[in-house]
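Tertiary structure, described
What follows is the residue order along each chain.
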Number of protein chains: 2
Amino acid sequence: MNGADSLCDTLLANDVDVCFANPGTSEMHFVAALDRKPRMRCVLGLFEGVVTGAADGYGRMAEKPAATLLHLGPGLGNGLANLHNARRAHTPMVNIVGEHASYHIQYDAPLTTDIESLARPMSNWVRRIQSSDDVSGAAAAAVAAARTEPGGIATLILPADAAWGQTAAPVSQAHPPAPGRIEEAALLQAREALRNGRKTLILLSGKALRAGPLETAARIAARTGARLMAQQSNGRMERGAGRVPIERVPYPVDAAVKALEGTEQLILIGARTPVAFFAYPGKPSVLIPEGCDVITLASPADDLPQALEQLADAVGATRDIAVPLAERGQPDLPAGALTASAVIQAIGALSPENAVICDESVSSGRDSFKWTWNAAPHDFLQITGGAIGIGIPLATGAAVACPDRKVILMQADGSAMYTVQGLWTQAREQLDVVTVIFANRRYAILHNELKMVGAGEPGRNASRMLNLDEPAIDWVHMAQAAGVEAARASDCAAFVDLLRAALARKGPFLIEAVI
Amino acid sequence: MNGADSLCDTLLANDVDVCFANPGTSEMHFVAALDRKPRMRCVLGLFEGVVTGAADGYGRMAEKPAATLLHLGPGLGNGLANLHNARRAHTPMVNIVGEHASYHIQYDAPLTTDIESLARPMSNWVRRIQSSDDVSGAAAAAVAAARTEPGGIATLILPADAAWGQTAAPVSQAHPPAPGRIEEAALLQAREALRNGRKTLILLSGKALRAGPLETAARIAARTGARLMAQQSNGRMERGAGRVPIERVPYPVDAAVKALEGTEQLILIGARTPVAFFAYPGKPSVLIPEGCDVITLASPADDLPQALEQLADAVGATRDIAVPLAERGQPDLPAGALTASAVIQAIGALSPENAVICDESVSSGRDSFKWTWNAAPHDFLQITGGAIGIGIPLATGAAVACPDRKVILMQADGSAMYTVQGLWTQAREQLDVVTVIFANRRYAILHNELKMVGAGEPGRNASRMLNLDEPAIDWVHMAQAAGVEAARASDCAAFVDLLRAALARKGPFLIEAVI
């Protein structure tokens, strides 16, 4: 067989059976090999930001890596922003980046670039395949790197001659290490902190935010009087009725400082010490009070559910301790003029059991938790790295991973434009995604930020950089252009009707919510 | 003033007065400063690939740099593919990449990345601003780097605290070096080669492909019997009636080898020795015959028109030597079924005087020169780095640079999707661009490449990665979604009617040519 076949076989042997792809000439032997492996599901994205963002959504929900297929440095470049988000989400992913044949690189043909330099900032692991015989071992190592707790971005550079050359190398198996275990000293330190009477916050992220571990954390809190919070952004949370309701650290600096005020001890379980998303003159970078002790009980690479169990045992948070779980609310539907909050309220009221709610609503979604505590139980996936343009791909990939679950995307209009091509993939694959566009026709978050700079009312230059009007984007036409059915709502009654209808059917649908 | 004001003032003082932008929070002080400088024209792109591609089109036509405004590493990442093309086109450009405040980077906030690592592969020059006092000097150095012959990508990293901090530093002036002069030894070597009776090819690129220098080159060819060709891809060529017709080195390896067959001596004037765009098993990387002597008369950084004059003098190619110029053909309009060639034939027949024709037609445009030798005189801008998704932005930027010229874009459908957001900028700025989409609903080039791999007929996986059908993209809806008027043609008569109408009006228009 050739190296490309070896690569496909190795991916499949290691349970990587979905490939989000946008191939080019240098990857044609790999495409031919994929064509010989019907077990591999190939999903085309019409732009690489869709490819990597979809692999992120898939990896978060499937809890195993998808492969991506990217065309040389520029193809990787196009995918970097969503790789950045995926890296921050600790999503497992294996990127296959095609490269010129090794002997051809010296000629600096037009598409030649320094792929490693581009890959490293957004990858946890990078390796260039040396030969056809090296393919299988390298691919297995990539899968192992991607599957190393908490999950990471493995980028494999595949020279064309390694793909087309022959090899008899056996198919390698990935051997990811087991997740880390917490240290006894850290456990004792955390236990001591939870007994010393000082104001303590337990900050959670990663797999600590699944339903079971959250209940353990809630028992610890109930037993010790500590507070629980989630990190500001997290790859995946299990929320809604029947789950422990937990707030996230707020995004705005002032609100975050206020929320963390008085904290004397911070215990980190898969989370990091909260820092400001951006720096502002005269505002702090670190959001916890000065002098607050920080105890890292478990790092993201550790077995977080196990860490919580150990801590629960240590503080005597026994299983009989009752914890408050969110209750299913009565559907409380909004009426009147359509606002961002009304949109979220309706989603909270109508989203079905076991939905996957993806959130790139940016400023429109600041209140989103308020309206969804008592929604039907759901997974909540958010933008983790601040690189906008994740929403449509993320929902696309989540829907590929979870064909039997409804995916609902809360999507800001400005961010939606970044990877709008993903709608086509939803149509192509007939994915069960309802996209709600918050059409405020501006980068609303930046209007706020401009005010904070003290620049006063925006003039012509600022307005033209921060507003998306003149012309307004027609999202119904946009969706239809990509083969996705769509409709527009300008008041609550129309929105609720559309959302009900969209949720009752199967397949992609887009609602432009004019707010 | 603050550093952001200092930056604006320095750019304006150095004749950089257009800024293609997609700002974020970390650039808000710069946005506020731009708002205080109405002389700076700020053009919003709804994705950074639009921003950098538009700056490329602008730089190629304006012959001076535009600024870009990009938001941290991910914003730069989104712009990299078109920066890659611009670098290969030797386009002058100054990127301003916002960065966290310098003291904030240590906290690894979500948007923190290694910007330098991302910037270097696609930049000729990279510098991180150290302080508010450093802003003006760094910005002037960036402009100088961008304007150093033949033009280059200068990337300036602007930490937020350098933007908001106060400075009294004076506004710096850029001092780009003069273009290089050819060496006497190279001139003598070229002269000798042109006299020794061996088969000689003069290969041109860069500013050697403007009307005047081309005539000088044609006189040299007429005097010496040498052949003239242009490099395969070039940032800008002056073509059409009244200009010297010149072929490019073909893209397919076999055709290129055939075109270069028998060449015993190659004289490079701003061009590089032709190499294959991609490597293929059993085909050569270097396209000239073995043993062919290569003489570099002038490198891209040299004064190419001057080099040609010196060579003309050296070989006695006096101004009285007549050179063949293309004549204005009778409009020969296509009829019947619409094909890619028919589309180009119609464009060749109908394009007005002094149009700017941008070409990202990929496989559909392989015959494009054949139909446009005798078109009205025009500038021809092509994709230079092979990173698809340049067409719509390139045309956008060219139209900003040349408001009085009609811009015609020949655009493949698959590539168009990459930066489709650029249509909105055309609508926002009411740019005079006619976009013709070659809607063959497939990555046609890759179908050919798959055949060359010997993979036979594509199966399900390959088809689903190489075809853009199921669903077909509706380009009329797509354009209308972005505020651009559009219509569809499926036969020659309808296409010719639409093209005539689109060329007769002002403002953006898109034609979906179903081929």
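Computed from a predicted model, the values in this text were never measured in an experiment. Here, residues in each chain are numbered from 1, in the same order as that chain's written sequence. Each chain takes a letter, starting from A, and each ligand takes a number, starting from 1, following the order in which they are written. At least 70 in pLDDT is required for a residue's local features to be given in this predicted model, at least 80 for side-chain atom pairs to be given and counted, and no such filter applies to totals for whole chains, interfaces and linings, which use all residues. Heavy atoms from the whole structure form the basis of all side-chain values; hydrogens and water molecules are not counted.

Secondary structure elements are taken from DSSP: a helix is a run of H or I of four residues or more, a strand is a run of E of two residues or more, and numbering for both begins at the N terminus. Following the sequence through the fold, Val420(A) ends up in the loop between helix H15 (413–416) and helix H16 (422–429). For the pair Val420(A) and Leu46(A), spaced 374 residues apart in sequence, the C-alpha separation works out to 9.5 Å. Whether two residues are in contact is decided by their heavy atoms, any of which lying within 4.5 Å being enough. Beyond its immediate stretch of four places on either side in the chain, Val420(A) contacts Ile392(A), Trp475(A), Met478(A) and Val420(B).

Before going further, it helps to examine the relation of the copies chain B and chain A. The copies were overlaid by least squares, fitting only the C-alpha atoms of residues that reach a pLDDT of 70 or more in each copy. It takes a turn of 180 degrees to lay chain B on chain A, together with a shift of 0.0 Å along the axis; the resulting RMSD is 0.0 Å. What we have between these two chains is a two-fold relation. Comparing contact sets, 100% of the residues at the interface of chain B also lie at the interface in chain A, consistent with an isologous, same-surface contact.

On to the UniProt feature "domain: Thiamine pyrophosphate enzyme N-terminal TPP-binding" (unreviewed entry) in chain A. With numbering aligned to this structure, UniProt lists the feature "domain: Thiamine pyrophosphate enzyme N-terminal TPP-binding" (unreviewed entry) at residues 1–106 of chain A. Summarising residues 1–106 of chain A: 49% helix, 20% strand, and an end-to-end C-alpha distance of 27 Å. UniProt positions are given in the numbering used here, feature names are shortened, and annotations may be inferred rather than shown by experiment.

This next bit is on the packing of aromatic side chains. Pairs were defined over the aromatic rings of Phe, Tyr and Trp, the Trp ring being its six-membered one, requiring ring centres within 6.5 Å. Orientation was assigned from the angle between planes: stacked under 30 degrees, edge-to-face over 60, tilted for the rest. In the structure shown here, the tally under the stated rule is 13 aromatic pairs over all chains. Taking the centre distance of 5.1 Å and the plane angle of 45 degrees together, the rings of Tyr251(B) and Phe277(B) count as tilted. One end of the pair, Tyr251(B), is in the loop between strand S9 (237–239) and helix H10 (253–260); the other, Phe277(B), is in the loop between strand S10 (265–269) and strand S11 (293–298), with 26 residues separating them in the sequence. Accessibility assignment for this pair places Tyr251(B) and Phe277(B) in one class, buried. Aromatic pair Phe369(B) and Trp373(B): ring centres 5.5 Å apart, planes at 70 degrees, arrangement edge-to-face. Summarising the burial analysis for this pair, Phe369(B) and Trp373(B) share the class buried. Three or more aromatic residues joined by ring pairs form one cluster here, namely Phe47(A), Tyr418(A), Phe47(B) and Tyr418(B). Placement of a charge over a ring requires the Lys NZ or Arg CZ to be within 6 Å of the ring centre, with the centre-to-atom vector within 35 degrees of the ring normal. Sitting over the ring of Phe369(A), Arg239(A) keeps its end group 3.6 Å from the ring centre. When accessible area is computed with a 1.4 Å probe and restricted to protein chains, residues below 20% of their type maximum are described as buried, those above 50% as exposed, and intermediate ones as partly exposed.

This part covers the interface of chain B and chain A. With 101 residues of chain B at the interface, the matching set in chain A holds 101 residues. Summing the contributions of chain B and of chain A, the shared interface buries around 8400 Å²; its carbon and sulfur component is 64%. Take a side-chain nitrogen of Lys or Arg and a carboxyl oxygen of Asp or Glu: if they are within 4 Å of each other, that pair is a salt bridge. Inspection of the chain B/chain A interface yields 8 salt bridges. Polar contact is the term for a pair of N or O atoms within 3.5 Å; when the atoms are in protein, one must be able to donate a hydrogen and the other to accept it, and sequence-neighboring residues count only if both atoms are side-chain atoms. Here chain B is connected to chain A by 56 residue pairs in polar contact (both at pLDDT 80 or more). Two parts lose some accessible area (1.4 Å probe) when they are put together, and adding that loss for both gives the buried area.

What follows deals with the pairing of strand S3 (residues 66–71) of chain B. Where a strand is regular, its side chains alternate between the two sheet faces. Residues and elements named next belong to chain B. With 6 of its 6 residues buried, S3 lies for the most part within the structure. Residues Ala66, Thr68 and Leu70 line one face of S3 and the alternating positions Ala67, Leu69 and His71 line the opposite face, and both faces are buried. Relative to S3, strand S1 (residues 18–21) runs parallel, the two sharing 3 bridges. Bridging across to S3, Phe20 finds its partner in Thr68. At least two bridges found by DSSP between two strands is the condition for calling them paired. By the bridge criterion, 6 bridges tie S3 to strand S4 (residues 93–99) in an arrangement that is parallel. In the strand pairing of S4, Leu70 is matched with Val97. Each parallel crossover has a hand, and the one from S3 via helix H4 (residues 72–88) to S4 is right-handed. A clockwise course of the path from the first strand over the helix to the second, judged with the strands pointing away from the viewer, identifies a crossover as right-handed.

On to the nonpolar core, then. Membership of the largest hydrophobic core comes to 250 residues, with the highest contact counts inside it found for Phe20(A), Phe30(A), Phe20(B) and Phe30(B). The residues contacting Phe20(A), other than those within four sequence positions of it, are Val43(A), Val51(A), Ala54(A), Ala55(A), Tyr58(A), Ala66(A), Ala67(A), Thr68(A), Leu69(A), Gly397(A) and Val400(A). We define the nonpolar core as a collection of buried residues of types Ala, Val, Leu, Ile, Met, Phe, Trp, Tyr and Cys that are connected through side-chain atoms lying within 4.5 Å of one another.

It is worth spelling out the sheet that holds strand S10 (residues 265–269) of chain A at this point. All names here are of chain A. The parallel open sheet is built from 4 strands, whose spatial order is S8-S7-S10-S11. Looking at strand neighbours, the two that pair on one side only are strand S8 (227–230) and strand S11 (293–298), the edges of this open sheet. Averaged over all neighbouring strand pairs, the angle between strand axes comes to 25 degrees, with direction disregarded. As paired strands, strand S7 (residues 200–204) and S10 are joined by 5 bridges and run parallel to one another. Across the sheet, Leu203 pairs through a bridge with Leu268, a residue of S10. Contacts from helix H8 (residues 184–193) reach S7, S10 and S11 within the one sheet, and its direction differs from that of S11 by about 130 degrees. Think of each axis as a best-fit line through the C-alpha atoms, taken over the contacting stretch in the case of a helix, with angles from 0 to 180 degrees between the N-to-C directions.

Moving on: helix H17 (residues 444–452) of chain B. Restricting attention to buried positions, one finds in H17(B) the residues Ala444(B), Ile445(B), Leu446(B), His447(B), Glu449(B) and Leu450(B). Residues of H17(B) that are buried sit in contact with helix H2 (28–35) of chain A together with helix H18 (460–466) of chain B. Just past H17(B), the residue Gly454(B) takes up positive phi, approximately 80 degrees.

Take the domain arrangement of chain A next. How big an interface is tends to be reported as the loss of accessible area on association of its parts. Residues and elements named next belong to chain A. Domain assignment breaks chain A into domain 1 (3–164), domain 2 (184–315) and domain 3 (340–514). Spacing between the C-alpha centres of domain 1 and domain 3 amounts to 29 Å. Of the residues lining the interface, 25 residues belong to domain 1; the matching set on domain 3 comes to 27 residues. The contact between domain 1 and domain 3 buries some 1900 Å² in all, and 67% of this surface belongs to carbon and sulfur atoms. Between domain 1 and domain 3 we count 1 salt bridge in total. A salt bridge links Arg41 to Glu429, with the shortest nitrogen-to-oxygen separation between them at 3.0 Å. Residue contributions to the side of domain 1 that touches domain 3 peak at 10 residues, all from helix H3 (residues 48–62). For the purposes of this description, domain bounds are those given by an automatic or database domain assignment.

Attention now moves to the pattern of salt bridges. Overall, the coordinates contain 57 salt bridges over all chains when judged by the stated rule. Ionic pairing is found between Asp15(A) and Lys64(A), a salt bridge with its closest N-O pair at 3.1 Å. Of this pair, Asp15(A) sits in the loop between helix H1 (3–13) and strand S1 (18–21) while Lys64(A) sits in the loop between H3 and strand S3 (66–71), and the two are 49 residues apart along the sequence. A salt bridge links Asp379(B) to Arg405(B), with the nearest nitrogen and oxygen atoms 2.7 Å apart. One end of the pair, Asp379(B), is in strand S13 (residues 378–382); the other, Arg405(B), is in the loop between helix H14 (391–401) and strand S14 (407–412), and 26 residues separate them in sequence. A single salt-bridge network, built from bridges that share partners, covers Asp5(A), Asp9(A), Arg36(A) and Lys37(A).

Once that is clear, we can look at the packing of helix H14 (residues 391–401) of chain A against H16(A). Residues and elements named next belong to chain A. Between H14 and H16, whose axes approach to 8 Å, the crossing angle comes to 20 degrees. Judged by the inter-axis angle, H14 sits roughly parallel to H16. With respect to the hand of their crossing, H14 and H16 are arranged in left-handed fashion. The segment H14 lies against H16, with Ile392, Ala395 and Thr396 engaging Gly422, Leu423, Thr425 and Gln426. All amino acids are sorted into three groups, where Ala, Val, Leu, Ile, Met, Phe, Trp, Tyr, Cys and Pro are nonpolar, Asp, Glu, Lys and Arg are charged, and the leftover types, Gly among them, are polar. Here the residues of the contact of H14 with H16 sort into 3 nonpolar, 4 polar and no charged. Note that the term roughly parallel is reserved for angles under 35 degrees, roughly antiparallel for angles over 145, roughly perpendicular for angles of 65 to 115, and oblique for everything else. A crossing counts as left-handed when the near helix is turned anticlockwise from the far one by less than a right angle, and as right-handed when that turn is clockwise.

All names here are of chain A. Taken in spatial order, the 7 strands of this open sheet run S9-S13-S12-S14-S15-S17-S16, and their pairing is mixed. Two strands in the sheet have a free side with no partner beyond their single neighbour: strand S9 (237–239) and strand S16 (485–489). In this sheet, adjacent strand axes meet at a mean angle of 20 degrees when their direction is disregarded. Pairing of strand S14 (residues 407–412) with strand S15 (residues 433–439) involves 6 bridges; the strand directions are parallel. Looking across to S15, one finds that Leu409 is bridged to Thr435. Here H14 sits on the sheet in contact with strand S12 (355–360), strand S13 (378–382), S14 and S15, set at roughly 175 degrees to S14.

With that settled, consider the side chain of Lys37(B). The residue Lys37(B) is located in the loop between helix H2 (28–35) and strand S2 (41–44) in this model. Among the polar contacts listed, one links the side chain of Lys37(B) to the side chain of Asp9(B), at a separation of 2.8 Å.

It is worth spelling out the packing of H3(A) against H14(A) at this point. Residues and elements named next belong to chain A. Close contact between H3 and H14 brings their axes to 6 Å; oriented N to C, the two are set at 45 degrees. The angle between the axes of H3 and H14 places the two elements in the oblique class. Taken as a pair, H3 and H14 cross one another with a handedness that is right-handed. Between H3, through Gly49, Val50, Gly53, Ala54, Asp56, Gly57, Tyr58, Arg60, Met61 and Ala62, and H14, the contact on the second element is made entirely by Pro393, Leu394, Thr396, Gly397, Ala398, Val400 and Ala401. Within the contact of H3 with H14, the residues separate by chemical class into 10 nonpolar, 5 polar and 2 charged.

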